[in-house]
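# Structural characterization, general
Residue strings, one per chain:
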Amino acid sequence: MGILVEAIKGKLTEAFTPSQLEVIDQSHLHAAHGGAAEHKAAFPEKDMTDETHVHVVITSDVFAGMNTLAKHRAVLAAVAEEVDRLHAFSLEAKAPS
């Protein structure tokens, strides 16, 4: 597991005490995707890693009563530094059913 995936996992665990958390590095699925390489080259000051595409699935009681936008904003606020170093970040955030 890469450094960004580990950092994202740690911050989300601390912030939301999730009952489910999957942080999936999908970079290998986009290896030929030129946009990721261009993104990395365009921002040398961001110390990019080989991790370019990350997908998160998180379930937490903290999300109860929140709409989708509020959940996404909360997650993005917790991992903003890591997301800033990625080319793509996708998210499924929900409260337990």
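In this report, we go over the structure that sits alongside the text. Treat the numbers as computed from the prediction; the structure is a model and nothing was measured.

Conventions and cut-offs
- Residues numbered from 1 in each chain as written.
- Predicted model: local features only at pLDDT ≥ 70, side-chain atom pairs only at ≥ 80, totals over all residues.
- Heavy atoms only, no water.
- Helix = DSSP H or I, 4+ residues; strand = E, 2+ residues; numbered from the N terminus.
- Buried < 20%, exposed > 50% of the residue type's maximum accessible area, 1.4 Å probe, protein only.
- Contact = heavy atoms within 4.5 Å.
- Areas by Shrake-Rupley, 256 points an atom, 1.4 Å probe, with all protein chains shown as cover.
- Pairing = 2+ DSSP bridges.
- Axes fitted to C-alpha atoms, helices over the stretch in contact; angles between N-to-C directions.

Scanning the protein for helices and strands turns up 4 helices and 3 strands. Taken from N to C terminus, the helices and strands of the protein fall in the order α-β-α-β-α-α-β. Burial analysis of the protein (97 residues in total) assigns 33% to the buried set. In the protein, the share of contacts with a sequence separation of at least 24, taken over all contacts with a separation of at least 6, comes to 78%. Carbon and sulfur atoms form 55% of the exposed surface of the protein, whose accessible area is close to 5,600 Å².

Next up on the list: the sheet that holds strand 1 (residues 20-25). Taken together, 3 strands build an open sheet; the order of strands is 1-2-3 and the sheet is mixed. Every interior strand has two partners, whereas the edge strands, strand 1 and strand 3 (88-94), have only one. Each strand of the sheet is rotated relative to its neighbour by a mean of 5 degrees, with strand direction disregarded. Note: strand 2 (residues 53-59) against strand 3, 7 bridges, orientation parallel. In the strand pairing of strand 3, V56 is matched with L91. Those strands touched by helix 1 (residues 3-16) are strand 1, strand 2 and strand 3, and its axis lies near 160 degrees from that of strand 1.

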